[in-house]
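# Fold and contact review
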Amino acid sequence: GALVLTLAGCAGQVDLSKTVTARTTVKASASFTDDALRLVEPCNLLTDQLIDSIGKKRSSSVVNRSGYSECNIVITDKQTEKQSVNLTVKIGADLLGAPKQTSKSIRGLGVYETSGTSSCTQNAITDKDHGIITQVFWEGGDMCASAAKMMEAVVKQIAEKPPTYPETPGSLVTLDPCAAIDDAT
């Protein structure tokens with residue numbers, strides 16, 4: 001099962017050009033290639049400055065990494081300090097059904113939003129079906145503005161000075177799973 005999920009993102013050539021409108025094409029920087037994004041440590045993107053711009057850390061608030069590319073933290077709202085606010089960032093995520101055109105762009109990446117009753121997700125497209133996701137679960141809060149604020153901060157940080165995993169000999173972090181499959185077939 002896990003192998004199938006890993007291989008799902010392996011189809012096709014990487015095209016970093018994104019169409020923002022019918023007339024404008026912007027090129028994302030090298031910071032957003034799959035190889036560069038594999039090195040980004042997602043928990044270090046959830047900076048104290050970003051968290052403070054959305055809510056307030058609880059004494060029990062700790063970052064939780066899921067695999068190499070996802071991290072979340074649960075904080076509280078600033079007003080009542082009673083509402084839980086769950087902030088999640090995913091790097092190199094599969095974007096199923098990403099639109100060909102978006103109305104918003106950050107640093108050359110097309111960005112689109114999806115929302116539910118208590119959550120909002122910002123998706124930045126780094127290639128045709130992969131990207132960066134910021135997601136906020138917040139009952140009664142301004143989750144979409146918070147997800148947008150997170151995306152702005154995360155993309156800026158990756159473009160300017162991305163937090164990366166330490167270089168460790170033999171680490172699988174730099175391995176492109178698609179290349180390993182191509183070589184074997």
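Whatever comes next refers back to the structure up there.
Residues numbered from 1 in each chain as written. Predicted model: local features only at pLDDT ≥ 70, side-chain atom pairs only at ≥ 80, totals over all residues. Heavy atoms only, no water.

### A few points about the pairing of strand β5 (residues 84–94)
Defined as follows: DSSP-based pairing: two strands are paired if at least 2 bridges between them are found. Only runs of H or I of at least four residues qualify as helices and only runs of E of at least two qualify as strands under DSSP, and these elements are numbered from the N terminus.
In this structure, strand β4 (residues 70–76) lies alongside β5, joined through seven bridges in antiparallel fashion. Paired with Ile 73 across the bridge in β5 is Leu 87. Of the pairings in the sheet, the one linking β5 to strand β9 (residues 130–137) comprises eight bridges and is antiparallel in character. What sits directly across from Lys 90, in β9, is Ile 133.

### Points about the nonpolar core
For clarity, the threshold we go by: Here, the term nonpolar core denotes a set of buried Ala, Val, Leu, Ile, Met, Phe, Trp, Tyr and Cys residues that are joined through side-chain atoms within 4.5 Å. Throughout this description, buried means an accessible area under 20% of the type-specific maximum (1.4 Å probe, protein chains only), exposed means over 50%, and partly exposed covers the range between. Whether two residues are in contact is decided by their heavy atoms: any pair within 4.5 Å suffices.
Within the largest apolar cluster, 32 residues are counted, with the highest numbers of intra-cluster contacts made by Ile 54, Leu 87, Ile 91, Ile 132, Val 136 and Ile 158. Every element with two or more residues in this core is listed here: α3 (48–54), β4, β5, β7 (109–115), β8 (119–127), β9 and α4 (143–160). When residues no more than four places from it in sequence are discounted, the contact partners of Ile 54 are Ile 75, Val 85, Leu 87, Trp 138, Ser 146, Lys 149 and Met 150. Counting six residues, the second largest nonpolar core, distinct from the first, contains Ala 93, Leu 95, Tyr 112 and Ile 125.

### Some details on the packing of aromatic side chains
Put simply, the rule reads: Working definition: rings of Phe, Tyr and Trp (its six-membered ring) pair if their centres are within 6.5 Å, and the pair is stacked with planes under 30 degrees apart, edge-to-face with planes over 60 apart, and tilted otherwise.
Applying the stated criterion to the full structure yields one aromatic pair. Relative to Tyr 165, the ring of Tyr 68 lies with its centre 5.8 Å away and its plane at 85 degrees, an arrangement referred to as edge-to-face. Highlighted residues: Tyr 68 in the loop between β3 (64–66) and β4 and Tyr 165 in the loop between α4 and α5 (177–184), separated in sequence by 97 residues. Owing to a relative accessible area of 14%, Tyr 165 belongs among the buried residues under this scheme.

### Here we look at unusual backbone geometry
For Glu 81, which is not glycine, the phi torsion reads 55 degrees and is therefore positive. Considering the arrangement of structural elements, one finds Glu 81 in the loop between β4 and β5. Even without a glycine there, the phi angle at Arg 107 is positive, about 50 degrees. In this fold, Arg 107 is placed in the loop between β6 (104–106) and β7. Accessibility expressed as a relative area gives 40% for Arg 107, which makes it partly exposed.

### Thoughts on the state of the cysteines
Condition: Cysteine sulfur atoms that pair up within 2.5 Å are treated as a disulfide.
Applying the stated criterion across every chain, the model contains two disulfides. Here Cys 43 is linked by a disulfide to Cys 71, with a sulfur-sulfur distance of 2.0 Å. With the S-S dihedral at roughly 100 degrees, the linkage between Cys 43 and Cys 71 falls on the right-handed side. Of this pair, Cys 43 sits in the loop between α2 (34–38) and α3 while Cys 71 is found in strand β4, placing the two residues 28 residues apart along the sequence. Here Cys 43 matches Cys 71 in class, with each residue buried. At a sulfur-sulfur separation of 2.1 Å, the disulfide partner of Cys 120 is Cys 144. When the S-S torsion is 100 degrees, as for the bridge of Cys 120 with Cys 144, the disulfide is right-handed. Of this pair, Cys 120 sits in strand β8 while Cys 144 sits in helix α4, placing them 24 residues apart in sequence.

### Comments concerning the sheet that holds β4
As a reminder, the rule being used: The axes used here are C-alpha line fits, helices contributing only the stretch in contact, and every angle between their N-to-C directions lies in the interval 0 to 180 degrees.
Within the open sheet, the seven strands sit side by side as β3-β4-β5-β9-β8-β7-β6. Their pairing is antiparallel. Looking along the sheet, the strands with just one partner apiece sit at the ends: β3 and β6. Recorded for the sheet is a direction-independent mean angle of 25 degrees between the axes of neighbouring strands. The pairing of β7 with β8 spans six bridges and is antiparallel. Looking at the pairing, Thr 114 lines up with Thr 121 of β8. Sitting on the sheet, α4 is in contact with β5, β6, β7, β8 and β9, with an inclination near 140 degrees to β9.

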